[in-house]
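# Summary of structural features
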Amino acid sequence: MAWFKKAKQDLIRLPGKKSMPNGMWVKCESCNEVIYAKQLEENLKVCPKCNYHFRMKAVERISLLLDEGSFKEMDCQIETSNPLSFPEYPEKFEKSKNASGLQEAAIVGEGLINAQNVAIGITDYNFMMGSMGSVVGEKLTRIIEYATQNKLPVIIVSASGGGARMQEGIFSLMQMAKVSAALSKHHQNKLLYISVLTDPTGGGVSASFAMLGDLIIAEPNALICFAGPRVIEQTIKQRLPKNFQRSEFLLEHGIIDIIVSRKELKQTLSKVLNYLT
């Protein structure tokens, strides 16, 4: 690919030519292939060469999984406070809002998957690493309770590498139990919960609702863990097995049920909903 990179540089330097706009090309983190950004978007952010699944925003997940125009967002008005008066938390929070365009690290609501009604929650890594604070836990709990009352299946798509949000301390950790309790009531009513794990899913999220699904689906090569591999290696002073904590490793060891490519995810969910609801 050296000639290709040089050709692009020469093109930019040509007299009378404008500089190439930023973001036009994307480099694959897995195979280093240089991909035209528009082509990557059309391919659902999956590398056409090596099938590497790039991370997606929550709003992109909604477009991917739900029928067009069917999504109705709920509880978007809930706002985060600073219960522990943690230094610089409000400033960091506002910075995440401006950078991500989100109000919080989770979007919840109701929509259709091939005309089948579902309650759905999606966390977004772009907002403070998708960490679960009081508002994220409250929004997920409310959508689960709404699904229980209305006898709907629940789908939660996890992209939370940050786990529980440290700036909210025990208030954040309480959300693990709160969301899990709501899912327990949902299960007692013989209703379906599907957990979809994407890269990355970690910390308190993986230690609670992410692993409680009646069916646990993961995207290929997603990092799914409690503590990350780097932290573990530094702690135990040993090298970890190849692909440790990746989807394929977890499937082999019985932690998840199935790995599904992003292009097939909506149809797979539709089939599962037909079979189990």
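Counting from 1, residues in each chain are numbered in the order their sequence is written. Where totals are concerned, whole chains, interfaces and linings use all residues; where local detail is concerned, this predicted model gives features only for residues with pLDDT of at least 70, and gives and counts side-chain atom pairs only at 80 or more. Side-chain metrics rest on all non-hydrogen atoms present in the structure, leaving aside hydrogens and water.

### A short note on the packing of aromatic side chains
The rule is short: rings of Phe, Tyr and Trp, with Trp giving its six-membered ring, pair when the centres are within 6.5 Å, and they are stacked under 30 degrees, edge-to-face over 60, tilted in between. Applying the stated rule across the entire model yields 5 aromatic pairs. For the pair Phe244 and Phe249, a centre-to-centre distance of 5.3 Å together with 75° between the ring planes defines the contact as edge-to-face. Cluster of aromatic residues (ring-pair linked, three or more members): Tyr89, Phe93 and Phe127. Note on criteria: charge over ring means Lys NZ or Arg CZ within 6 Å of the ring centre, with the direction from the centre no more than 35 degrees off the ring normal. One Lys or Arg, Arg55, reaches over the ring of Tyr125 and ends 4.3 Å from the middle of that ring.

### Comments concerning the layout of surface pockets
In this analysis a 1.4 Å probe is tested at points of a 1 Å grid over the protein atoms alone, and where it fits but cannot get out there is a cavity; an open set with protein on both sides within 12 Å along at least five of seven lines is a pocket; lining residues have an atom within 4 Å of a point. Grid points are joined across faces, edges and corners, and a volume is the space filled by probe spheres set on the points. There is about 400 Å³ of room inside the largest pocket. Around the largest pocket sit 20 residues that line it, and Gly161, Leu223, Cys225, Gly228 and Pro229 are the ones nearest its centre. Per element, the largest residue contribution to the lining of the largest pocket is 3 residues, and it comes from helix H8 (residues 229-236). In this count, Pro and Cys sit with the nonpolar residues alongside Ala, Val, Leu, Ile, Met, Phe, Trp and Tyr, while Asp, Glu, Lys and Arg are called charged and the others, Gly among them, polar. The residue inventory of the lining of the largest pocket, partitioned by class, reads 9 nonpolar, 7 polar and 4 charged. Numbering of helices and strands runs from the N terminus, with a helix taken as a DSSP run of H or I at least four residues long and a strand as a DSSP run of E at least two residues long.

### Describing helix H5 (residues 134-149)
Multiplying 1.5 Å by the residue count of a helix minus one yields the expected span of that helix. Compared with an ideal rise of 1.5 Å per residue, which puts 16 residues at 22 Å, H5 spans 22 Å between its outermost C-alpha atoms and is within 8% of the ideal. Contacts: residue pairs with any heavy atoms within 4.5 Å of one another. In the core, the buried residues of H5 are packed alongside strand S3 (72-74), strand S4 (106-113), strand S5 (116-123), strand S6 (154-158) and helix H6 (169-188). In the segment just after H5, Lys151 is the residue with positive phi, at about 55°.

### Considering the side chain of Glu60
Relative to the helices and strands, Glu60 resides in helix H3 (residues 58-65). Of note is the side chain of Glu60, whose polar atom sits 3.1 Å from the side chain of Lys45. Ignoring sequence-local partners within four residues, the contact set of Glu60 consists of Glu41 and Lys45. Polar contact is defined as a pair of N or O atoms within 3.5 Å, subject to the rule that within protein one atom must be able to donate a hydrogen and the other to accept it, and that residues adjacent in sequence are counted only when both atoms are side-chain atoms.

### A look at helix H10 (residues 262-276)
An α-helical turn contains 3.6 residues, so any two residues separated by three or four positions project in the same direction. Taking 1.5 Å of rise per residue, the 15 residues of H10 would be expected to cover 21 Å, and the 21 Å separating its terminal C-alpha atoms lies within 8% of that figure. Exposure categories follow from relative accessible area, calculated using a 1.4 Å probe and restricted to protein chains: below 20% of the type maximum is buried, above 50% is exposed, and the middle band is partly exposed. Those residues of H10 that sit buried are Arg262, Leu265, Lys266, Thr268, Leu269, Ser270, Val272 and Leu273. The secondary structure elements touched by the buried residues of H10 are H3, S4, S5, S6, strand S7 (193-197) and strand S8 (215-218).

### Quick word on the packing of H5 against H6
Lines are fitted to the C-alpha atoms to define the axes, a helix being fitted only along its stretch in contact, and any angle between axes, read from their N-to-C directions, falls within 0 to 180 degrees. Their axes nearest at 9 Å, the elements H5 and H6 cross at an angle of 10°. Judged on the interaxial angle alone, H6 and H5 are roughly parallel. Between H5 and H6, the residues in contact are Ser134, Gly137, Glu138, Leu140, Thr141, Ile144, Glu145, Ala147 and Thr148 and Phe171, Gln175, Lys178, Val179, Ala182, Leu183, Lys185 and His186, respectively. In terms of residue class, the contact of H5 with H6 is made up of 7 nonpolar, 6 polar and 4 charged. Here the angle decides the label: under 35 degrees means roughly parallel, over 145 means roughly antiparallel, 65 to 115 means roughly perpendicular, and every other value means oblique.

### Description of the pattern of salt bridges
Between Lys or Arg on one side and Asp or Glu on the other, a salt bridge is scored when a side-chain nitrogen of the former is within 4 Å of a carboxyl oxygen of the latter. Scanning the entire structure with this criterion turns up 14 salt bridges. Here Lys45 makes a salt bridge to Glu60, at a shortest N to O gap of 3.1 Å. You can see Lys45 sitting in the loop between helix H2 (37-42) and H3 and its partner Glu60 sitting in helix H3, a full 15 residues away along the chain. For Glu168, the salt bridge identified is with Arg165, shortest N-O distance 3.9 Å.

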